[in-house]
Every structure is written in structure tokens, then in C-alpha cells.
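This is what each chain is made of:
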Amino acid sequence: MNQTFDITRTSRKMIAPFLENYTLEQLNAIPDGFSNNLIWNIAHIVVTQQLLVYKLSGLPANVSDEMIEKYRKGTKPEHIVTQAEVDEIKALLFTTIDQTELDFENKIFKNFDEYPTSTGFVLKSAKEAMIFNNFHEGLHLGILMSIRKFV
């Protein structure tokens, strides 16, 4: 599993510069032809990892319920994200993965509600959710790279 966490951290290291190199206005901009923006995709990545790994394991997420409601699958940007929210999302990019790795090492992921993803994969364990999460993050990293050309 070390490689899975290494891949997730690499993904997050590729995502973090978006939060450092783009203005608040650029992060919030929804370009023509897109249904969301840079910051929504980044927060969605954080929230989805927590839902896939923790919530499906019957455990509390390491992000707020408010954040989950704003950025879960099926949502879209409905407010202008503040700098304070950007700072929180930036911190969560890495703390959530560090906590997941620690929790995995401590074997807290005992139960799991089987989950059929919208891509056709059926997740049957927290370990499978962690692996699938890397695929999900790769999809959204691609979207980030597309959006950045228009902001």
C-alpha cells in the first residue's frame, strides 16, 4: 500500500500549485463550456477521498459535513470560495492523506459498504477505495489542466 499512498501524494503535489499560482478570482472562475471551476475540483478531490475511504467504512470523515455537502458528487459551485476556504482546502490536501495512511497502518478500516462507482468499478474494501481514489484524482487533475487554460 505504500505505493498507493505515494501515488496519492504525487497527485496532491501536482494539485497544490493550483492553489498557490492562481488568484482567488481564477480559482472561482467557471469558463464557458465547463460546469465547475478549479477550486470546486480540488475540494471535490479531498471530499471524495474521505467519502470513499471513511464514510463507506462507517467511520467519520476528516472534513466537515458542510464541506461534504458543498463538494460531493452531484454538486456544483454555488458560492464564491473565500481565501479562508482555499487555505483550509490547501491544508486538507495533505493532512487527510497522512491521516488515512496512519489509520490504515493502525488497521481501523474493518467494515466497508460495497459501492458501485459511476465508472463501473465495484469497491469492496477500503483498500480498493484507496486505489480507486487515485484513478478518480487523475480524472480531476486532467479537468484542472483543461480549466487552467481558460482562466
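Remember, it's a predicted structure, so these values are computed and weren't measured experimentally.

Novice: Would you mind going over the packing of helix 1 (residues 2–21) against helix 6 (residues 126–147) with me for this structure?
Specialist: Orientation of helix 1 relative to helix 6, taken along the N-to-C sense of each, is 20 degrees, at an axis distance of 10 Å. When the axes of helix 1 and helix 6 are compared, the pair comes out roughly parallel. Considering the relative orientation of helix 1 and helix 6, their crossing is left-handed. On helix 6, the residues touching Thr4, Phe5, Ile7, Thr8, Ser11, Arg12, Met14, Ile15 and Phe18 of helix 1 are Met130, Ile131, Asn133, Asn134, Glu137, Leu141, Leu144 and Met145. Broken down by class, the residue content of the contact of helix 1 with helix 6 amounts to 10 nonpolar, five polar and two charged.

Novice: How should the pattern of salt bridges be read in this particular structure?
Specialist: Pairs can form between side chains of opposite charge whenever their charged atoms are close. Taken as a whole, this structure holds seven salt bridges when the rule is applied. Ionic pairing is found between arginine 12 and glutamate 137, a salt bridge with its closest N-O pair at 2.7 Å. On the criterion of sequence distance, the pair formed by arginine 12 in helix 1 and glutamate 137 in helix 6 is long-range, its members being 125 residues apart. Classification of glutamate 137 by relative accessible area gives buried; the value is 0%. The salt bridge involving lysine 70 is made with glutamate 66; its shortest N-O contact spans 3.4 Å. Here lysine 70 pairs with glutamate 66, and both are found in helix 4 (residues 65–71), just four residues apart, close to one helical turn. By sharing partners, the salt bridges in this structure join Arg9, Asp98 and Glu101 into a single network.

Conventions adopted
Residue numbering note: each chain is counted from 1, following its sequence as written. Confidence filtering applies because this is a predicted model: local features only for residues at pLDDT of at least 70, side-chain atom pairs given and counted only at 80 or more, and all residues used for totals across whole chains, interfaces and linings. Where side-chain values are given, they derive from all heavy atoms of the structure, hydrogens and water being excluded. Here the axes come from fitting lines to C-alpha atoms, over the contacting stretch only for helices, and the angles between their N-to-C directions go from 0 to 180 degrees. Each helix corresponds to a stretch of at least 4 residues labelled H or I by DSSP, and each strand to a stretch of at least 2 residues labelled E; elements are numbered beginning at the N terminus. When describing relative orientation, an angle under 35 degrees is termed roughly parallel and one over 145 degrees roughly antiparallel, while 65 to 115 degrees is termed roughly perpendicular and anything else oblique. We call a crossing left-handed when the near helix sits turned anticlockwise from the far one by less than a right angle, and right-handed when that turn is clockwise. By definition in these notes, contact holds between two residues if any of their heavy atoms fall within 4.5 Å. Note on residue categories: nonpolar means Ala, Val, Leu, Ile, Met, Phe, Trp, Tyr, Cys or Pro, charged means Asp, Glu, Lys or Arg, and polar means any other residue, Gly included. Salt-bridge detection follows one rule: a side-chain nitrogen of Lys or Arg within 4 Å of a carboxyl oxygen of Asp or Glu. Burial status follows relative accessibility: with a 1.4 Å probe on protein chains alone, a residue under 20% of its type maximum counts as buried, one over 50% as exposed, and anything between as partly exposed.

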